Amino acid sequence: MAQRLTQEQLSQIVTEVQGLQLRRDAELDQQQVREILQELNLPPELLDEALIQLNRRQALEVQQRRNRWMISGVVAVVVVVIASTIFFMQQQNSALSRVSAQQDRITLAQNSSENLKTISRQTNPEVLYHVTLKDAPLGKKLALSCNWIDPSGQIVKQNNYQTREINTSVWDTQCRYTINSAATVGNWKVQMFLEGRQISDETFEVK
């Protein structure tokens, strides 16, 4: 059965046929091109080679456009990745900057409930520095460190460790140091750092 067309489809077909006719009228066959070349005193025998060169140039332009689109796509992906990385790092740094010490205390390993200000070196005690963090980032592991500083200001011990994955915004942590009988008598200090930023310190006396 013959296909029936609507008036709108007929109008579209007429427009398309007119466009094809105009393009066909604008095209020249090879004999016409040769005649034009002769009128311009150009050798018509070079027409075939000229057509090959023209096709190569057009193919090269198509390839160059395709390459530009590919390069633009790669650049766009790289920009998105870099921007995402910067955003993630900023978010990470912002989360770490909010972490602080809620409270801290000095205890002995065998008695972690008592908050000490004075420690006897004669028993070679293992001293714990307890710190309660607040605003700890959930799902993260924190890189913490402690400096144990003697009365002369010298760092005699450094603790470096990583916490378990944080599962509560208030987080208890600790570092430790054994003070032997040869330790310097006087006022000592212990400092705790988060990613190199000091978040707490405490002083105690060694006798």
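Whatever comes next refers back to the structure up there.
Given the structure is predicted, the values throughout are model-derived calculations rather than measurements.

## Notes on the pairing of strand β8 (residues 197–206)
For a regular strand, the rule is simple: side chains alternate between the two faces of the sheet.
At step 1: Where strand β2 (residues 118–119) meets β8, two bridges bridge the pair, whose relative direction is parallel. Following the sheet pairing, Thr118 is matched in β8 by Glu205.
At step 2: Relative to β8, strand β7 (residues 186–194) runs antiparallel, the two sharing nine bridges. Residue pairing across strands places Asn187 opposite Glu205, the latter belonging to β8.
At step 3: As consecutive antiparallel partners, β7 and β8 are separated by two residues, and within that stretch Glu195 has a phi angle of approximately 50°, a positive value.

## Regarding the sheet that holds strand β1 (residues 100–108)
Note on sheets: strands pair through backbone hydrogen bonds, and any given pair is parallel or antiparallel.
At step 1: On the basis of which strands lie adjacent, the open sheet formed by three strands has the order β1-β3-β6 and antiparallel pairing. Both outer strands of the open sheet, β1 and β6 (171–178), are each paired with one neighbouring strand and no more. Adjacent strand axes in the sheet meet at a mean angle of 20°, parallel and antiparallel pairs treated alike.
At step 2: For strand β3 (residues 126–134) and β6, the ladder comprises eight bridges, and the chain directions are antiparallel. Within β6, the position partnered with Val131 by the bridge is Thr173.

## Some details on the sheet that holds strand β5 (residues 155–162)
At step 1: Read from one edge to the other, the open sheet built from five strands follows the order β2-β8-β7-β4-β5, with strand pairing classed as mixed. Single-partner strands in this sheet number two, and they are β2 and β5.
At step 2: In terms of strand pairing, strand β4 (residues 143–149) meets β7 through six bridges, oriented antiparallel. Within the sheet, the bridge partner assigned to Trp148 lies in β7 and is Val190.

## Looking at the pattern of salt bridges
At step 1: This structure, assessed with the given rule, holds two salt bridges.
At step 2: The salt bridge partner of Lys117 is Glu202, with a shortest N-O separation of 2.8 Å. On the criterion of sequence distance, the pair formed by Lys117 in the loop between β1 and β2 and Glu202 in strand β8 is long-range, its members being 85 residues apart.
At step 3: Residue classification places Lys117 among the partly exposed residues on the basis of a relative accessible area of 47%.
At step 4: Between Glu126 and Arg176 there is a salt bridge, with its nearest N and O atoms 3.2 Å apart. Residue Glu126 is located in strand β3, and its partner Arg176 is located in strand β6; the two are separated by 50 residues in the primary sequence.
At step 5: When its relative accessible area of 26% is taken as the criterion, Glu126 is described as partly exposed.
At step 6: Classification of Arg176 by relative accessible area gives partly exposed; the value is 36%.

Calculation criteria
- Residues numbered from 1 in each chain as written.
- Predicted model: local features only at pLDDT ≥ 70, side-chain atom pairs only at ≥ 80, totals over all residues.
- Heavy atoms only, no water.
- Pairing = 2+ DSSP bridges.
- Helix = DSSP H or I, 4+ residues; strand = E, 2+ residues; numbered from the N terminus.
- Axes fitted to C-alpha atoms, helices over the stretch in contact; angles between N-to-C directions.
- Salt bridge = Lys/Arg side-chain N within 4 Å of Asp/Glu carboxyl O.
- Buried < 20%, exposed > 50% of the residue type's maximum accessible area, 1.4 Å probe, protein only.

Function cannot be read off these values alone, since they describe shape.
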